[in-house]
Amino acid sequence: MSSTPHPDLRNDPVPATATLKALDLAHHLHPFTDHGELRQEGGARVIASAQGCHLTDTDGQRLLDGMGGLWCVNIGYGRQELAEVAARQMNELPYYNSFFKTTMPETVLLAEELAALTPDGLNRVFFSNSGSEANDTNIRIARSYWQKRGEPQRTVIVSRKLAYHGSTIAAASLTGLESMHDIPGVPIPDIVHAPAPFWWANGADLSADEFGIEAARGLEETIRAVGPERVAAFIGEPVQGAGGVIVPPETYWAEVQRICRKYGILLIVDEVICGFGRTGRWFGSQTFDIAPDIMTIAKGMSSGYLPISASVVHDAVAEVVFDAPGRFPHGYTYSGHPVAAAVARENIAIMKREGIVDYVGDDIGPYFQERLATLLDHPLVGEVRGVGLMAAVELTRDKTGRAPVEPVGSMATPVRNACFENGLVTRAVRDCLVFSPPLVITRAEVDELVAILRRSIDQAL
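In this text the structure is predicted, and so the values were computed from the model without any measurement.

Quick look at the side chain of R79
- With respect to the secondary-structure elements, R79 resides in the loop between α3 (68–71) and α4 (80–92).
- Overall, R79 belongs to the buried group, its relative accessible area being 15%.
- Polar contacts involving the side chain of R79 include one to the side chain of E81, which spans 3.1 Å.
- Among all residues touching R79, those that are not within four sequence positions of it are Y305, I350 and E354.

Thoughts on the packing of helix α15 (residues 412–421) against helix α16 (residues 443–460)
- Relative orientation of the contacting elements α15 and α16 amounts to 125 degrees, with a least axis distance of 8 Å. Taken together, the axis directions place α15 and α16 in an arrangement best described as oblique. Relative to α16, α15 is oriented so that their crossing is right-handed. Along the contact surface, α15 presents P414, V415, A418 and C419, while α16 presents I452, L453, S456, I457, Q459 and A460.
- Across the contact of α15 with α16, the residue classes break down as eight nonpolar, two polar and no charged.

Details of the packing of aromatic side chains
- Counted by the stated rule, this structure contains eight aromatic pairs.
- Centre to centre, the rings of Y145 and W146 are 4.9 Å apart; their planes meet at 85 degrees, and the pair counts as edge-to-face. Like W146, Y145 is buried.
- Considering the side-chain rings of F234 and W253, the 6.3 Å spacing of their centres and the 50 degrees angle between planes classify their relative orientation as tilted. Taken together, the positions of F234 in strand β7 (residues 231–236) and W253 in helix α10 (residues 252–263) put the pair 19 residues apart, joining distant regions of the chain. Side by side, F234 and W253 carry an identical accessibility label, which is buried.
- Three or more aromatic residues joined by ring pairs make a cluster, and in this case those are F126, F322 and F328.
- The aromatic ring of W146 is capped on one face by R154, whose charged end is 4.1 Å from the ring centroid.
- Over the aromatic face of W199 sits the side chain of R402, whose NZ or CZ is 4.0 Å from the ring centroid.

Quick notes on the sheet that holds strand β13 (residues 424–425)
- On the basis of which strands lie adjacent, the open sheet formed by four strands has the order β1-β2-β3-β13 and mixed pairing. In this open sheet, the two strands that pair with only one neighbour each are β1 (47–51) and β13.
- Relative to strand β2 (residues 54–57), β1 is paired through four bridges, and the arrangement is antiparallel. By the bridge assignment, S49 is partnered in β2 with T56.

Description of helix α9 (residues 208–226)
- For α9, which comprises 19 residues, the first-to-last C-alpha distance of 27 Å matches the rise-based estimate of 27 Å (1.5 Å per residue) to within 8%.
- Looking at α9, one finds that the buried residues are F211, G212, A215, A216, G218, L219, E220, T222, I223 and V226.
- Buried-residue contacts for α9 involve β5 (156–160), β6 (191–194), α8 (199–202), β7 and α10.
- One or two residues past the end of α9 sits G227, with phi positive at roughly 110 degrees.

Each value, and the rule that gives it
- Sequence order as written defines the numbering, with residues in each chain counted from 1.
- Thresholds applied to this predicted model are a pLDDT of at least 70 for local features of residues and 80 or more for the giving and counting of side-chain atom pairs; totals over whole chains, interfaces and linings are not thresholded and use all residues.
- Values reported for side chains reflect all heavy atoms of the structure, with hydrogen atoms and water molecules removed beforehand.
- By the criteria applied, helices consist of DSSP H or I runs no shorter than four residues and strands consist of E runs no shorter than two, each listed in order from the N terminus.
- Relative accessibility decides the category of a residue: with a 1.4 Å probe and only protein chains considered, values under 20% of the type maximum give buried, values over 50% give exposed, and everything between is partly exposed.
- Nitrogen and oxygen atoms within 3.5 Å of one another constitute a polar contact, given that in protein one can donate a hydrogen and the other can accept it, and given that sequence-neighbouring residues count only through two side-chain atoms.
- Working rule for contacts: check all heavy atoms of both residues, and any pair within 4.5 Å makes them a contact.
- For helices, the axis comes from a line fit to the C-alpha atoms of the stretch in contact; other axes are also lines fit to C-alpha atoms, and the angle between any two N-to-C directions lies between 0 and 180 degrees.
- Each angle gets one of four labels, with under 35 degrees taken as roughly parallel, over 145 as roughly antiparallel, 65 to 115 as roughly perpendicular, and the rest as oblique.
- Helix crossings are classified by the rotation of the near helix relative to the far one: an anticlockwise turn of less than a right angle makes the crossing left-handed, while a clockwise turn makes it right-handed.
- Residue polarity is assigned by list, with Asp, Glu, Lys and Arg as charged and Ala, Val, Leu, Ile, Met, Phe, Trp, Tyr, Cys and Pro as nonpolar; anything else, Gly included, falls into the polar class.
- Any two rings among Phe, Tyr and Trp, with Trp reduced to its six-membered ring, count as a pair given centres within 6.5 Å; such a pair is stacked if its planes are under 30 degrees apart, edge-to-face if over 60, and tilted if neither.
- Charge-over-ring placement is defined geometrically: NZ (Lys) or CZ (Arg) within 6 Å of the ring centre, and within 35 degrees of the ring normal.
- Note on pairing: DSSP must find at least two bridges between two strands before they are called paired.
- Multiplying one less than the number of residues by 1.5 Å gives the expected span of a helix.

Rendered as C-alpha cells:
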C-alpha cells in the first residue's frame with residue numbers, strides 16, 4: 001500500500017497547490033517526463049482554468065499559451081458552445097459503438113463534413129481517438145491494400161528522420177526521433193526512415209530549392225535501397241511539427257509526389273498538427289499542393305476539447321480495402337464516439353462562422369511570422385521559420401556556420417524555462433523554441449509573445 005497520506009478532498013473542491021502537487025507526484029505518471037527531475041523540482045505546475053489564449057495556474061499566474069495546448073486548441077479556450085453541444089449529446093446518447101453494423105447520427109454527419117472539407121477523392125472516414133491510433137490504422141490500411149491487390153510483399157512504410165507520428169509501438173516506429181526508439185523491438189520491422197527536408201541543419205551551401213530536390217532524392221534512394229516492389233507507402237507531415245517545425249523548401253513536395261507515383265507507392269499525409277487551419281488553409285495538403293491517398297487528422301478537429309481522430313481514405317484505396325468482400329478486422333471501442341463527434345462538428349462550424357482559417361491565412365498568420373522575424377537581429381537567433389500559426393525560432397552560437405549547439409538543448413531549454421516564468425508557454429526542441437498558438441490569437445497577443453520571448457532569451461543566455 002502507498003505510504004502517501006490521502007487527504008479527504010470531498011469538502012475541499014479546490015485543494016491547495018501543494019496538496020495537488022503532492023498527490024500528482026504520488027499517483028500521476030506524466031507523458032514524456034523525467035519523473036525524478038519532476039520530483040526534484042517540487043512537482044508539476046497545476047493549470048486551473050483557461051480563457052481565449054491564456055491559462056491560469058492554481059497560484060494565479062497567467063500564461064499566454066504559445067503552444068495551443070499541444071498543437072491542438074485551435075479555437076481557443078472557454079468556448080461555451082462546445083460545452084453545450086457536449087452536454088446535449090451526453091443527454092441524448094452518451095456512447096455507442098460502430099462494431100455491430102450500427103452507427104450514430106453525429107458520427108455520420110461528421111464523416112460527411114470531413115469528406116467535404118478534405119481534398120478531392122478523400123471521401124471515406126475511419127475514426128480513432130488519437131493521431132497515434134489513426135497512424136496505426138493507416139499501416140493496416142496500406143498493407144491491406146497491397147495484400148488485396150495481390151502484392152502482399154509490399155509491407156514497408158517509409159517515414160522520415162525527425163518525423164513525429166505518435167507514441168504507440170507502431171506509431172513510435174514511424175516517428176523518426178531516436179529518443180522514441182529506446183526499447184528493443186522499436187522500430188518494428190519494415191519501417192524505414194528517409195532524410196528530413198531540414199535546410200538549416202543539413203542544407204550546407206545549397207539554396208533552399210536545391211536542397212528540397214536533394215532531400216526528396218534521399219527518399220528515392222531509401223525506396224531503391226529497400227526495393228520499390230516491397231514499399232507500401234510513404235508517410236509525411238506537410239510541416240514536421242514536433243521535429244522542430246521543419247518547413248520544406250518549395251521544391252520538395254512536388255518531387256516527393258513524383259517519386260511516389262513513379263514507384264506506385266501510397267502517400268499518407270499526417271495532418272494531425274497542420275490540419276484545421278494551422279497553415280492558413282484547412283489542411284497543409286492544400287498549402288503545399290499535396291494529393292494524399294490517406295490523410296491522418298486529429299487535434300484541431302475538436303480543438304482538443306475531446307479526443308477524436310480519423311484516417312480519411314481516398315476512394316481508390318477504400319474500394320480495394322473496404323468494398324471488397326471480407327471483414328476489416330480493426331477498430332477501437334470509442335471509434336466515432338458520438339459526443340466527440342458532436343463537439344468536432346460544432347468546432348468546425350465555429351471555424352466556418354467566424355472565418356478563422358481565412359484569418360490565419362490572410363491576417364494573423366503573416367503578422368505572426370513577420371513579428372517573430374524581428375528576432376533575427378538578435379545575435380543568438382539563427383533562423384525563424386514557419387507558416388501560418390506554427391513557427392520555430394532556432395538558437396545558435398554560430399549564425400554563419402549553422403553549427404549544432406553542444407550540448408544539445410543547452411540554449412533552448414533555459415529559454416523555455418524563462419518563458420514560463422515570464423508568462424509564456426513554449427516548447428524546446430533541440431535548440432529551437434516552437435510555437436503553435438490558438439488560431440484566434442490577436443495582434444496584441446502576438447506582440448506580447450514576441451516581447452516575452454526576446455526578454456527570456458536575454459535573461460537565460
